[in-house]
Amino acid sequence: DAKTTQPNSMESNEEEPVHLPCNHSTISGTDYIHWYRQLPSQGPEYVIHGLTSNVNNRMASLAIAEDRKSSTLILHRATLRDAAVYYCILRALRTSGTYKYIFGTGTRLKVLA
Amino acid sequence: DAGVIQSPRHEVTEMGQEVTLRCKPISGHDYLFWYRQTMMRGLELLIYFNNNVPIDDSGMPEDRFSAKMPNASFSTLKIQPSEPRDSAVYFCASSLGDSPSTDTQYFGPGTRLTVL
């Protein structure tokens, strides 16, 4: 299975942009890149996903490298409520036709007031 | 919609006992997933269903674990007999479909299981 590599933790000041990196050097051409986050004592929640092109939504932006071996989740203005563990995930399509989310270990984001 | 509902939220049991975790997916969602989260292993997919049929159970750790989905609105994950190493937070999630535009997974609040 393709894997993702993320830094264990990052810090950011409130109201500043945050760039969360993810490496996925063994990604396949059909694998989508998803980002979820997990707030304390809650289940993960969807943030954004993409395949090749950069993506924007109301929560964040996703920048995907041209060779797709890495991506960056961008929070434009971090707030205290953004403190969470951020997971970079590959949605891998198996030869069996089934697919699987492969969760990495995540990056714990701390936002400083 | 109320979101994915799991019960109980907390379960404490003794080794050897049977444990049943319950999940109600979001209405209209065709896919249901069971995950386990521990500090050591992170978040692991155990099994998932499509239209009540198990599709991939390769993540189920051993025969002590079983999952069923008797109808579109209910699923159970059973551990029999339970062991201390099963202690974890178990999440249920559901998604509308499996295409890139419908496969967003919505997670429940989780069940924290402690096996003494």
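Quick caveat: nothing in here was measured; it's all calculated off a predicted structure.

### Details of the layout of surface pockets
Here is step 1: In this structure, the largest pocket spans a volume of roughly 780 Å³.
Here is step 2: Taken together, 32 residues make up the lining of the largest pocket; nearest its centre are Gln38(A), Tyr87(A), Arg108(A), Gln37(B) and Met39(B).
Here is step 3: Elements with a minimum of two residues in the lining of the largest pocket: strand E8 (84-93) and strand E10 (107-112) of chain A together with strand E4 (31-38), strand E5 (42-50), strand E9 (88-95) and strand E11 (111-115) of chain B.
Here is step 4: In terms of residue class, the lining of the largest pocket is made up of 14 nonpolar, 15 polar and three charged.
Here is step 5: By volume, the second largest pocket is sized at about 320 Å³.
Here is step 6: Around the second largest pocket sit 17 residues that line it, and Lys100(A), Ile102(A), Phe103(A), Leu43(B) and Glu44(B) are the ones nearest its centre.
Here is step 7: Those elements giving two or more residues to the lining of the second largest pocket turn out to be strand E9 (99-103) of chain A together with E4 and E5 of chain B.
Here is step 8: Split by residue class, the lining of the second largest pocket holds eight nonpolar, three polar and six charged.

### Looking at the sheet that holds strand E8 (residues 74-79) of chain B
Residues and elements named next belong to chain B.
Here is step 1: Spatial ordering of the open sheet is given by E1-E3-E8-E7, a layout of four strands whose pairing is antiparallel. Here the strands that pair on one side only, and so sit at the sheet edges, are strand E1 (5-7) and strand E7 (65-71). Going across the sheet, the axis of each strand differs from the next one's by a mean of 15 degrees, ignoring polarity.
Here is step 2: Bridge count between E7 and E8: five bridges; the pairing is antiparallel. Looking at the pairing, Lys68 lines up with Thr76 of E8.

### Digging into the packing of aromatic side chains
Here is step 1: Scanning the entire structure with this criterion turns up 14 aromatic pairs over all chains.
Here is step 2: On the numbers, 6.3 Å between centres and 35 degrees between planes, the contact of Tyr31(B) with Tyr48(B) is tilted. Here the residue Tyr31(B) occupies a position in strand E4, and Tyr48(B) occupies one in strand E5, the gap between them amounting to 17 residues. Of the two residues, Tyr31(B) and Tyr48(B), both sit in the buried class.
Here is step 3: Among the aromatic residues, ring-to-ring pairing joins Tyr36(A), Tyr46(A), Tyr87(A), Tyr101(A), Phe103(A), Tyr31(B), Phe33(B), Tyr35(B), Tyr48(B), Phe91(B) and Phe107(B) into one connected group.

### A short note on the sheet that holds strand E5 (residues 55-56) of chain A
All names here are of chain A.
Here is step 1: Read across the sheet, four strands follow the order E2-E7-E6-E5 without closing on themselves; strand pairing throughout is antiparallel. Looking at strand neighbours, the two that pair on one side only are strand E2 (18-23) and E5, the edges of this open sheet.
Here is step 2: With two bridges connecting them, E5 and strand E6 (residues 61-64) associate as antiparallel partners. In the strand pairing of E6, Val55 is matched with Leu62.

### Observations regarding the interface of chain B and chain A
Here is step 1: At the junction of the two partners, chain B supplies 19 residues and chain A supplies 17 residues.
Here is step 2: Carbon and sulfur atoms supply 50% of the area that chain B and chain A bury against each other, a total of about 1600 Å² over both sides.
Here is step 3: Contact with chain A buries surface across chain B, with Leu43(B), Pro100(B) and Asp103(B) losing the most and accounting together for 29% of the total.
Here is step 4: Across the contact surface, chain B and chain A share one salt bridge.

### Section: the side chain of Gln105(B)
Here is step 1: Tracing the sequence through the fold places Gln105(B) in the loop between E9 and strand E10 (106-107).
Here is step 2: For Gln105(B), the side chain forms a polar contact with the side chain of Tyr35(B), separated by 2.8 Å.

### Examining the pairing of strand E4 (residues 45-50) of chain A
Remark: a regular strand shows side chains that alternate across the two faces of the sheet.
Here is step 1: For strand E3 (residues 32-38) of chain A and E4(A), the ladder comprises five bridges, and the chain directions are antiparallel. From the neighbouring strand, Ile33(A) faces E4(A), where its bridge partner is Gly50(A).

### Some remarks on the pattern of salt bridges
As a working rule, side chains carrying opposite charge can pair if their charged atoms are close by.
Residue and element names in this part refer to chain B.
Here is step 1: If you walk through the whole model with that rule in mind, you get 12 salt bridges over all chains.
Here is step 2: Between Glu62 and Arg64 there is a salt bridge whose closest N-O contact spans 2.8 Å.
Here is step 3: Among the residues examined, Glu62 registers a relative accessible area of 27% and is labelled partly exposed.
Here is step 4: The buried category is assigned to Arg64, whose relative accessible area is 10%.
Here is step 5: The residue Glu83 makes a salt bridge to Arg85 at a minimum N-O spacing of 2.6 Å.
Here is step 6: On the basis of relative accessible area, Arg85 is assigned to the exposed category, the value being 55%.
Here is step 7: One continuous salt-bridge network, built from bridges that share partners, spans Glu62, Arg64, Glu83, Arg85 and Asp86.

Rules of the game
- Residues numbered from 1 in each chain as written.
- Chains lettered and ligands numbered in written order.
- Predicted model: local features only at pLDDT ≥ 70, side-chain atom pairs only at ≥ 80, totals over all residues.
- Heavy atoms only, no water.
- 1 Å grid on protein atoms, 1.4 Å probe; cavity = no way out; pocket = protein on both sides within 12 Å on 5 of 7 lines; lining within 4 Å.
- Points joined across faces, edges and corners; volume = space filled by probe spheres on them.
- Helix = DSSP H or I, 4+ residues; strand = E, 2+ residues; numbered from the N terminus.
- Nonpolar A, V, L, I, M, F, W, Y, C, P; charged D, E, K, R; others polar.
- Pairing = 2+ DSSP bridges.
- Axes fitted to C-alpha atoms, helices over the stretch in contact; angles between N-to-C directions.
- Phe/Tyr/Trp six-rings, centres within 6.5 Å; stacked < 30°, edge-to-face > 60°.
- Buried < 20%, exposed > 50% of the residue type's maximum accessible area, 1.4 Å probe, protein only.
- Contact = heavy atoms within 4.5 Å.
- Buried area = accessible area lost by both parts, 1.4 Å probe.
- Salt bridge = Lys/Arg side-chain N within 4 Å of Asp/Glu carboxyl O.
- Polar contact = N/O pair within 3.5 Å; in protein donor to acceptor, adjacent residues only side chain to side chain.

Any functional reading would require information beyond the geometric quantities listed.
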